[in-house]
Amino acid sequence: MKRILITGGAGFVGSNIAIELKTHLSGTDVVVLDNLYRKGSSLNVPRLEKQGIKFIKGDVRNPQDIATVGKIDFLIECSAEPSVLAGKDGDTDYLVQTNLYGAINCAEYCRKNNAGMIFLSTSRVYPIDPLVNCKLDEKTTRFELSDKQKVAGLSSKGVSEEFPMDGARSIYGATKYAAEVMLEEYRQAFSLPIVINRCGVIAGPWQFGKVDQGIAVYWLASHMFERPLKYIGFGGTGKQVRDMIHIDDLVKLVLMQLNDPAKFAKGVWNAGGGRDISVSLVELTEICHRITGKEVQIGSDLETRYADIPVYISDTRKLTSFCGWKPGKSVEKIIYDIHEWLKDNQEAQKLLKT
Ligand SMILES: NC(=O)c1ccc[n+]([C@@H]2O[C@H](COP(=O)([O-])OP(=O)(O)OC[C@H]3O[C@@H](n4cnc5c(N)ncnc54)[C@H](O)[C@@H]3O)[C@@H](O)[C@H]2O)c1
């Protein structure tokens, strides 16, 4: 592949993918387009340019901006307003225009260039009600998914691609699901190798985590800066669980898919840490305490927030049996790597303090 465009490439996921591609694919030109909407993304620009990656300030909502990139062979779409709460408390129009129309503009550009595409979708495409009402076992530090579920595609191994798709999923989740539906049509109508990954929580260095998005960094930074935290919803006990995937494990998958996109251009793929790489808030607090040596005051708020769910675990057995990919880095390693990055980076610390 000669030229790869990464939209949203100054963000957490995009910048890490861009740098790894530049390092691994010699002779490949990597170009990043980003409008720097996310606080912190501008700090990634010098990091990208130092690696010889071209940065273009542009907006995926605007096809003319994408066209300034010129001929491409592949596109990795990482741009988004990625916060679940943004749909309700934020700028819903921006969310829809970027996450849905932006993704369609990217697909349209791929069509014009006869290029392949990888789309970073989310576990949030799965409807909320069946996840709130599923059978849970309450353990000392976490909720566990019981094996006795009434819904297809749900077990103690997590949510699989068989999970029923009817019902509300948050406005954020709906923008990503609607984009998936359109991309599937582009894949079919124009025979384009378009790959769709539904990711659980992705975490690691260079993520500018905030209270509503990027929990691993937000929780760790709060410990470093001794900022009080809160367990919100589900009884206020901090037993809610998410799986986490280290950015390095996601990059490994993207490299595998780039090597043979046509092979992966069918259906959708759940990509996450799974039950083995998952954590509750209580457990995350303990890990952050161990790594920073600091303890913070933690309050509780009994009211569950809009679109929140008690447990999300990706069942990735389909992907693993298809290509052998499996995430390897533990939650402890994720938090350790974030701490190593943050303790030496004054600029990032300053930003995460505000
Ligand atoms: N981080 C996660 O836990 C997670 C989980 C599942 C899926 N995803 C998906 O992965 C992708 C990357 O997420 P991230 O964590 O890197 O988020 P991020 O906010 O760090 O990166 C997104 C980037 O998109 C840019 N952007 C926003 N609007 C834009 C626009 N209109 N035009 C051009 N650029 C724009 C932002 O400036 C930012 O740099 C997103 O599609 C997100 O939905 C992320």
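Now for a description of the structure that goes with this document. Residue indices begin from 1 for each chain and proceed along its sequence in written order. Only residues with pLDDT of 70 or above have their local features reported here, since the model is predicted, and side-chain atom pairs are shown and tallied only from 80 upward, although totals for entire chains, interfaces and linings are computed over all residues. Hydrogens and water are ignored here; the side-chain numbers use all heavy atoms of the structure.

A look at the sheet that holds strand β10 (residues 194–199)
- Strands sit in the order β3-β2-β1-β4-β5-β10-β14 across an open sheet of seven strands; the sheet is parallel. At either end of the open sheet lies a strand with only one pairing partner, and these are β3 (54–57) and β14 (269–271). For this sheet, the mean inter-axis angle between neighbouring strands, taken without regard to orientation, is 20 degrees.
- Following DSSP output, two strands are said to pair if at least two bridges run between them. Numbering of helices and strands runs from the N terminus; a helix is a DSSP stretch of H or I covering at least four residues, while a strand is a stretch of E covering at least two. Inspection of the sheet shows strand β4 (residues 74–77) paired to strand β5 (residues 116–122) by four bridges, in the parallel sense. Bridge pairing in β5 places Ile 76 opposite Ile 118.
- By definition, residues are in contact when any of their heavy atoms lie within 4.5 Å. Every axis in this analysis is a line fitted to C-alpha atoms, fitted for helices over the stretch in contact. Angles between the N-to-C directions lie between 0 and 180 degrees. Contacts between helix α7 (residues 171–190) and the sheet are confined to β5 and β10, with β5 contributing the most and set at about 155 degrees to the helix.

A word on helix α5 (residues 92–113)
- What a helix should span is 1.5 Å times the count of its residues minus one. Counted at 1.5 Å a residue, the expected span for α5 with its 22 residues is 32 Å, and the 31 Å between its end C-alpha atoms agrees.
- Bend at a residue means the angle formed by two fitted axes: the first through the 7 residues ending at that position, the second through the 7 residues beginning there. The largest bend in α5 is about 30 degrees, located at Tyr 101.
- Asn 114, located one to two residues past α5, shows a positive phi value of around 50 degrees.

Brief notes about the environment of Thr 92
- Note on placement: Thr 92 falls in helix α5.
- It is 8.6 Å that separates the C-alpha atoms of Thr 92 and Tyr 172, two residues lying 80 residues apart in sequence.
- Apart from residues no more than four positions distant in its own chain, Thr 92 is found in contact with Ala 86, Gly 87 and Ile 171.

Comments concerning the site of the ligand
- When at least one non-hydrogen atom of a residue lies within 4 Å of a molecule or strand, that residue is treated as near it. Around the ligand sit 32 residues in total, of which Asp 34, Ser 41, Tyr 94, Tyr 172 and Lys 176 are the nearest.
- What qualifies as a polar contact is a pair of N or O atoms within 3.5 Å, subject to a donor-acceptor requirement within protein and to the restriction that residues adjacent in sequence count only when both atoms come from side chains. Tyr 37 is positioned with one of its backbone polar atoms (N or O) 3.0 Å from an oxygen atom of the ligand.
- In this structure, an oxygen atom belonging to the ligand sits 2.7 Å away from a side-chain N or O atom of Ser 41.
- Expressed as a share of its isolated accessible area of 820 Å², the protein-covered part of the ligand is 97%.
- Of all the secondary structure elements, the ones that give two or more residues to the shell around the ligand are α1 (12–24), α5, β5, α7 and β11 (201–203).
- Top contributing element to the shell around the ligand by residue count: β5, with three residues. All accessibility values rest on the Shrake-Rupley procedure with a 1.4 Å probe; residue burial counts only the protein chains present in the view.

Here's the deal with the packing of aromatic side chains
- In this scheme Phe, Tyr and Trp rings, the latter by its six-membered ring, pair at centre separations within 6.5 Å, and the angle between planes marks the pair as stacked below 30 degrees, edge-to-face above 60, and tilted otherwise. All told, the structure shown has 10 aromatic pairs when counted by the stated rule.
- Aromatic pair Tyr 126 and Tyr 312: ring centres 6.4 Å apart, planes at 15 degrees, arrangement stacked. A residue pair is termed long-range when its members are at least 10 positions apart, and Tyr 126 in the loop between β5 and α6 (129–132) and Tyr 312 in strand β17 (residues 311–312) qualify at 186 residues.
- Geometrically, the ring pair formed by Phe 264 and Phe 322 is edge-to-face, given 5.5 Å between the ring centres and 80 degrees between the ring planes. Of the two residues, Phe 264 sits in helix α10 (residues 261–264) while Phe 322 sits in helix α12 (residues 317–323), which places them 58 residues apart along the sequence.

A few points about the state of the cysteines
- Any pair of cysteine sulfurs within 2.5 Å is marked as a disulfide. Throughout the structure, instances matching the rule amount to zero disulfides.
- Unpaired in this structure, Cys 106 has its nearest cysteine sulfur neighbour in Cys 110, at a distance of 7.0 Å.
- Three labels apply to residues, based on accessible area from a 1.4 Å probe with only protein chains included: buried if under 20% of the type maximum, exposed if over 50%, partly exposed otherwise in between. Exposure remark for Cys 106: the relative accessible area of 0% places this residue in the buried category.

Digging into the side chain of Arg 47
- Inspection of the secondary structure assignment puts Arg 47 in helix α2 (residues 41–50).
- Positive residues here are Lys and Arg, negative ones are Asp and Glu, while His and the chain termini are left out of the count. Salt bridge, as used here, is a side-chain nitrogen of Lys or Arg placed within 4 Å of a carboxyl oxygen of Asp or Glu. The side chain of Arg 47 is buried and forms no salt bridge, while Glu 20, the nearest opposite charge, is found at 7.6 Å.
- If we skip the residues at most four places from it in the chain, Arg 47 touches Ser 15, Asn 16, Ile 19 and Trp 206.

Focus: the environment of Gln 297
- Locating Gln 297 in the fold gives a position in the loop between α11 (281–292) and β16 (298–301).
- Considered as a pair, Gln 297 and Lys 210 are 87 residues apart in the sequence and their alpha carbons are 18 Å apart.
- With near-sequence residues (within four places) excluded, Gln 297 lies in contact with Pro 228 and Leu 229.

Observations regarding the nonpolar core
- Nonpolar cores were defined as sets of buried Ala, Val, Leu, Ile, Met, Phe, Trp, Tyr and Cys residues, with membership established by side-chain atoms within 4.5 Å. Grouped together as the largest cluster of nonpolar side chains are 36 residues, with contacts concentrated most on Ile 6, Val 13, Ile 17, Ile 76, Leu 120, Ile 202 and Leu 250.
- Apart from the residues lying within four places of it in its own chain, the contact partners of Ile 76 are Ile 4, Leu 5, Ile 6, Thr 7, Ile 17, Leu 21, Ile 118, Leu 120, Val 254 and Leu 258.
- Counting 31 residues, the second-largest nonpolar core is a separate cluster that includes Trp 206, Phe 208, Phe 225 and Leu 352.

Brief notes about the packing of α1 against α2
- Contact pair α1 / α2: the axes reach a minimum separation of 10 Å and the direction vectors enclose 5 degrees. As the angle between them shows, α1 and α2 are arranged roughly parallel. Between α1, through Ser 15, Asn 16, Ala 18 and Ile 19, and α2, the contact on the second element is made entirely by Asn 44, Arg 47 and Leu 48. Angle categories: roughly parallel below 35 degrees, roughly antiparallel above 145, roughly perpendicular from 65 to 115, and oblique for all the rest.

A look at unusual backbone geometry
- For Ser 191, which is not a glycine, the phi torsion comes out positive at approximately 50 degrees.
- Structurally, the position occupied by Ser 191 is in the loop between α7 and β10.
- The backbone phi angle of Ala 307 is positive, close to 65 degrees, even though this residue is not glycine.
- Mapped onto the elements of the fold, Ala 307 is located in the loop between β16 and β17.

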